[in-house]
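Architecture at a glance
Take a look at the letters that make up each chain.
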Amino acid sequence: MCIRDSYMLINGVEETAKLDLLDVTALFISAIVHDFKHPGVNNGYLQSTQTDLSLLYNDQSILENYHVSEAFQLINKEKGCNIFVNLPPEVTKLLKKRIIGCVLGTDNAKHFEHMNKLQNLITAHGISKGKNSEKIINTTNSLTEFETKQQALIAILHAADISNTARIFPVSSIWSKRVTEEFFLQGDAELAKGLPVSSFCDRKTVNLASSQIGFISGIARPYFNKIVEIYPKLSPLTENMQNVENEWVRISKEEKEQKTKQVFFTSQT
């Protein structure tokens, strides 16, 4: 789904961000590999259990380093998979650098860092509803152009990675349930190992509707509001997000009313 969402996002930012074929290619490859061989647990779990991966990557963006490393190993070792084989070495080097930066940027521990960078861009360039958004790419020299484009690509991929609540509700809700069950399985594993259960991973206490409302209000909407401030063509995504939140609020209200009824009738028996 991330590759589809990256394609959707890039259509709203490509011209403003002055992205070329290399940039777009790097973004799409990053979207494809950013969760390659995901083990179904988060970085916190890998750190707590001191897995080989946590030791290999020194507890720094463990999964993200793993995903991109495994992808490059596949590309290099599997027959017919080397997508770089016909590219000049200097292009391959730039493309891999772009991909590594993008995938490492999907570490959710960096979410608020990404938020701050977006806000700094908005403030520094006086961006409002897309006005002055072209200034985020600094073309003074090749280095500043590469770095500012990289920041834009990281922001786009991170948006795609957390964009589930910006889809229409029938699609979004299916994936919310699947992700929540994955979290619960991690919580089950933590309990079995005598570890503290991570946030959103306790199936006994976490409510799906409430967790989605909290994710939208605390994580997704604030981030997408900044994205839309820079790239207003993407405003339909925030509209979708509002509709999704409204649905979860409705479901939460119905669940609470049902629970109240059950308590009432139980007290009457």
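The structure contained in this document is the topic of the report that follows. (Residues numbered from 1 in each chain as written. Predicted model: local features only at pLDDT ≥ 70, side-chain atom pairs only at ≥ 80, totals over all residues. Heavy atoms only, no water.)

1. Here's the deal with unusual backbone geometry
The cut-off we apply is this: Secondary structure elements follow DSSP: runs of H or I no shorter than four residues count as helices, runs of E no shorter than two count as strands, and numbering proceeds from the N terminus.
In this structure, Lys37 takes a positive phi of about 60° despite not being glycine. Topologically, Lys37 is positioned in the loop between helix H2 (21-33) and helix H3 (43-48). At Phe200, a residue that is not glycine, the phi angle is positive and equals roughly 70°. Relative to the elements of secondary structure, Phe200 occurs in the loop between helix H9 (169-192) and helix H10 (208-230).

2. Brief notes about empty space enclosed by the protein
Basically, it comes down to this: Definitions used throughout: a 1 Å grid over protein atoms alone; a cavity as a set of points that fits a 1.4 Å probe which cannot get out; a pocket as an open set with protein on both sides within 12 Å along at least five of seven lines; a lining residue as one with an atom within 4 Å of a point. Grid points are joined across faces, edges and corners, and a volume is the space filled by probe spheres set on the points.
Evaluated as defined, the whole model comprises 1 cavity of 30 Å³ or more. Quantified by volume, the largest cavity comes out at close to 40 Å³. In terms of lining, the largest cavity is formed by Leu118, Leu121, Ile136, Ala152, Ala155, Ile156, Ile230 and Tyr231. By residue number, the principal contributor to the lining of the largest cavity is helix H8 (residues 142-161), which donates 3 residues.

3. Quick look at the pattern of salt bridges
Rules: By salt bridge we mean one thing: a side-chain nitrogen of Lys or Arg within 4 Å of a carboxyl oxygen of Asp or Glu. Classification of residues uses two cut-offs on accessible area relative to the type maximum, computed with a 1.4 Å probe and protein chains only: under 20% is buried, over 50% is exposed, and between them is partly exposed.
Under the criterion given, the structure shown has 13 salt bridges. Of the charged contacts, one joins Lys149 and Asp23 as a salt bridge, the two residues approaching to 3.1 Å between their closest N and O atoms. Residue Lys149 is located in helix H8, and its partner Asp23 is located in helix H2; the two are separated by 126 residues in the primary sequence. With a closest N to O distance of 2.9 Å, Glu70 and Lys37 form a salt bridge. Here Glu70, found in helix H5 (residues 62-77), pairs with Lys37, found in the loop between H2 and H3; they are 33 residues apart in sequence, far enough to count as distant. The buried category is assigned to Glu70, whose relative accessible area is 17%. Overall, Lys37 belongs to the partly exposed group, its relative accessible area being 47%. Through salt bridges with shared partners, a single network forms among Asp20, Asp23, Arg98, Glu145 and Lys149.

4. Structural notes on the environment of Asn116
Position of Asn116 among the secondary structure elements: in helix H7 (residues 111-125). We classify Asn116 as partly exposed; its relative accessible area is 49%. Sequence separation between Asn116 and Lys226 is 110 residues; the distance between their C-alpha atoms is 9.8 Å.

5. Considering the packing of aromatic side chains
Worth spelling out the cut-off: Two rings from Phe, Tyr or Trp (for Trp, the six-membered ring) form a pair when their centres are within 6.5 Å of each other. A pair whose planes differ by under 30 degrees is stacked, one over 60 is edge-to-face, and the rest are tilted. By the criterion adopted, a ring carries a charge over it if an Arg CZ or a Lys NZ lies within 6 Å of its centre and within 35 degrees of its normal.
Considering all chains together, one arrives at 4 aromatic pairs under this definition. Ring plane angle 45° and centroid distance 6.3 Å describe the contact between Tyr7 and Phe28, whose orientation is recorded as tilted. Within this pair, whereas Tyr7 is found in helix H1 (residues 2-13), its partner Phe28 is found in helix H2, the two being separated by 21 residues in sequence. Look at Phe28 and you get partly exposed, because its relative accessible area is 22%. Consider the rings of Phe169 and Trp248, whose centres lie 5.2 Å apart with planes at 70°: the pair is edge-to-face. Taken together, the residues span a long stretch of sequence, with Phe169 in helix H9 and Trp248 in helix H11 (residues 235-268) at a distance of 79 residues. Between Lys96 and the ring centre of Phe72, over which it is positioned, the NZ or CZ distance is 4.9 Å.

6. Some details on the side chain of Ser211
Rules: What makes two residues a contact is simply this: any of their non-hydrogen atoms within 4.5 Å.
Within the secondary structure, Ser211 sits in helix H10. Exposure remark for Ser211: the relative accessible area of 11% places this residue in the buried category. When near neighbours in sequence (up to four residues on either side) are disregarded, Ser211 contacts Phe200 and Val206.

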